[in-house]
Amino acid sequence: MCNYCFGIDIGGTSVKMGFFNAEGTLLEHWEIPTRIEENGKYILPDIAEAVLTKMKEKSIVKENIIGVGIGTPGPVDESGVVHKAVNLGWGVINLKEELQKLVGVTVKAGNDANVAALGEMWQGGGQGFENVVLATIGTGLGGGIIINGKILTGSIGAAGEIGHIHMVDEEEEECGCGNHGCLEQYTSATGIVRLAKRKLASSDKASTLRSVTVDSKVVFDAVKAGDVLAIEVAEEFGEYLGKGLAAIAGVCNPEVFVIGGGVSKAGPILIDFIQKYYIKYVFHGSRDAKFKMATLGNKAGIYGAAKLVLN
Ligand code: ZN
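Here, residues in each chain are numbered from 1, in the same order as that chain's written sequence. The predicted nature of this model means local features are confined to residues of pLDDT at least 70 and side-chain atom pairs, given and counted, to a pLDDT of 80 or more, with totals for whole chains, interfaces and linings taken over all residues. Heavy atoms throughout the structure, all of them, feed into the side-chain values; hydrogens and water do not.

Turning our eyes to something else, we now look at unusual backbone geometry. Located in the positive-phi region is Glu38, a residue other than glycine, with phi close to 50 degrees. Along the chain, Glu38 turns up in helix 1 (residues 37–40). Among the residues examined, Glu38 registers a relative accessible area of 48% and is labelled partly exposed. A positive phi angle, near 45 degrees, is found at Asn253, a position not held by glycine. Only runs of H or I of at least four residues qualify as helices and only runs of E of at least two qualify as strands under DSSP, and these elements are numbered from the N terminus. One can find Asn253 in the loop between helix 8 (228–252) and strand 11 (256–260). A 1.4 Å probe rolled over the protein chains alone gives each residue an accessible area, and that area as a share of the maximum for its type sets the label: buried under 20%, exposed over 50%, partly exposed in between.

Structure representation (structure tokens):
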């Protein structure tokens, strides 16, 4: 009889579900809506029902399920307790125990970005390495740190929040976290737009960016077309992120940085801008760290979640 596991990734609008065999092959994946109403009280029962329905469909009994791994927004400690997931309406909840009660098999839980980093280490851009830092450049700047093949969790699960490393003392705009001058204010998709708008306002240079609605894709398309002002924006982006990653390397000395998220669709050119400044600022012992693109896209979370239980 074969064995299986589930890898699940809770997002603000949908829950990604993955059904894997014991070798880690993704056999099926699908999504269910995330019902955040009434403080998210339906989320776990909906997930449990999806798991139990799939088991029934496949004629699989609990004894054939190695476990259910799950990633969620918010800090998650080693015991599987979530310490507030604001987007889901959750306060402090014991995700591991509550879901275990509902599905009747072992559950392991982690923070979504950290779990995605584990996924990229296992079957993505960080394959073959055990010391990996994932930087996910999307609406925000997410991250996850893997040391010796394990997620760096920290005391309540707030480790790997690389987007909120303080970079700029003078920043007047507020970050989503409430602080000012966080790394993600300059290196996320919205951060790149912020840099571009400031550059356009402070410079007289001609640029294709002046005649379009600026988003991060438009900026990197202009970079590829040789637009001088867009290149200056990319240099600034690369300097912030390269400097931030150099600081992280000073703490955890990774073998590889994996760059993912929506902005990474711009391709390896991103790495050129980041690595140049990384090398400029990093301690010599971490200078040889590799830079690679993420390869699992938005499935990194379900892969990493499955890996939590296949360890
Ligand atoms: Zn912040």
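Let us keep going from here.
We now examine the domain arrangement of the chain. The split of the chain into domains comes from an automatic or database domain assignment. Considered domain by domain, the chain is made up of domain 1 (4–119 + 299–310) and domain 2 (128–294). Taking only C-alpha atoms into account, the centre of domain 1 sits 29 Å from that of domain 2. If you look at the interface, domain 1 gives 13 residues, while domain 2 gives 16 residues. Throughout, buried area stands for the accessible area (probe radius 1.4 Å) lost by two parts on being put together, summed over both. Where domain 1 abuts domain 2, roughly 1000 Å² becomes buried across the two surfaces, and 63% of that area is made up of carbon and sulfur atoms. Salt bridges are identified by distance alone: a Lys or Arg side-chain nitrogen within 4 Å of an Asp or Glu carboxyl oxygen. The interface formed by domain 1 and domain 2 holds zero salt bridges in total. We define a polar contact as two N or O atoms separated by no more than 3.5 Å, with the added condition that, inside protein, one atom must be a possible hydrogen donor and the other a possible acceptor, whereas residues neighbouring each other in sequence contribute only through side-chain atom pairs. One can count two residue pairs in polar contact (both at pLDDT 80 or more) joining domain 1 with domain 2. The element best represented in the side of domain 1 that touches domain 2 is helix 4 (residues 112–123), accounting for six residues. For this classification, Asp, Glu, Lys and Arg are treated as charged, while Ala, Val, Leu, Ile, Met, Phe, Trp, Tyr, Cys and Pro are nonpolar and the rest, including Gly, are polar. In the side of domain 1 that touches domain 2, the residues fall into eight nonpolar, three polar and two charged. Whether two residues touch is decided by their heavy atoms; if any such pair falls within 4.5 Å, the residues are in contact.

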